[in-house]
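Observations on chain architecture
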Amino acid sequence: MVVIPPSLVERCDFNVLMDDICFNLPKLDVKFVHGQFDIVVENNVMGIQLKSIKSRSTENVGESTLLDVQLDVIEIQLFREAGSSVLEIMKIDVVSFVYIPI
């Protein structure tokens, strides 16, 4: 749980945030090329999904805005060369709840 102190929130109007946000990116290819040493490294990230849901909350911190943020990544292939990867991460899920005092 992350609680943002009221002093940091005074200048921000969180009511202008959308209630639901969803972002999908099926595939991201990142390629690094080092010209001097003739090194080419490819990285692939597949199935990126970011969701955010805004709601009102009256939990332990009093009345606040609750942001439920979820990030899902299906597969990450790092240092890929000639069809094989040095490191493969099959699934990552990150869930966070951010309480912003009103």
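Residues numbered from 1 in each chain as written. Predicted model: local features only at pLDDT ≥ 70, side-chain atom pairs only at ≥ 80, totals over all residues. Heavy atoms only, no water.

Within the protein one finds one helix and six strands. Counted from the first residue to the last, the protein has its helices and strands arranged as β-α-β-β-β-β-β. Counting the 102 residues in the protein, one finds 23% classified as buried. Considering only residue pairs separated by 6 or more positions, the protein has 53% of its internal contacts joining residues 24 or more positions apart. Summed over all atoms, the accessible surface of the protein reaches about 7400 Å², with 60% contributed by carbon and sulfur. (Helix = DSSP H or I, 4+ residues; strand = E, 2+ residues; numbered from the N terminus. Buried < 20%, exposed > 50% of the residue type's maximum accessible area, 1.4 Å probe, protein only. Contact = heavy atoms within 4.5 Å. Areas by Shrake-Rupley, 256 points an atom, 1.4 Å probe, with all protein chains shown as cover.)

Glycine aside, a negative phi is what most residues show, and trans is what most peptide bonds show. Phi at Asp38 is positive, roughly 55 degrees, even though this residue is not glycine. With respect to the helices and strands, the residue Asp38 is situated in the loop between β2 (20–34) and β3 (39–57). Among the residues examined, Asp38 registers a relative accessible area of 68% and is labelled exposed.

Assignment of secondary structure puts Asp72 in strand β4 (residues 64–81). Notably, Asp72 is buried but unbridged: the nearest opposite-charge side chain belongs to Lys91, and the N-O separation is 5.0 Å. Ignoring any residue separated from it by four or fewer positions in sequence, one finds Asp72 in contact with Gly47, Ile48, Gln49, Ile92 and Asp93. (Lys, Arg positive; Asp, Glu negative; His and termini not counted. Salt bridge = Lys/Arg side-chain N within 4 Å of Asp/Glu carboxyl O.)

In this section: the environment of Ser64. With respect to the helices and strands, the residue Ser64 is situated in strand β4. Looking at Ser64, the relative accessible area reads 0%, which means it is buried. When the C-alpha atoms of Ser64 and Ile100 are compared, they prove to be 5.4 Å apart, with 36 residues separating the residues in sequence.

Let's shift gears to the pattern of salt bridges. In this structure the tally under the stated criterion is one salt bridge. For Lys91, the salt bridge goes to Asp93, with nearest N and O atoms at 3.5 Å.

Per-residue confidence for the protein gives a mean pLDDT of 78, with 76% of residues at or over 70. Every residue in residues 8–12 is under pLDDT 50, and counting partners more than four places away or in other chains gives four contacts. (pLDDT = per-residue confidence, 0-100.)

Moving on to the pairing of β2. Strand residues, when the strand is regular, have side chains that alternate between the two faces of the sheet. Both β2 and β3 contribute to a ladder of 14 bridges, which runs antiparallel. By the bridge assignment, Phe23 is partnered in β3 with Leu50. Hairpin connection of β2 to β3: four residues between the antiparallel strands, including Asp38 at a positive phi of 55 degrees. (Pairing = 2+ DSSP bridges.)

What follows deals with a nonpolar patch on the surface. On the surface, Phe79, Val86, Leu87 and Ile89 cluster together into a nonpolar patch covering about 370 Å² of accessible area. Tracing the backbone shows Ile89 in strand β5 (residues 84–89). Judged by its relative accessible area of 31%, Ile89 falls in the partly exposed class. (Patch = residues over 30% accessible without salt bridge, like charges linked within 9 Å, V, L, I, M, F, W, Y side chains within 5 Å.)

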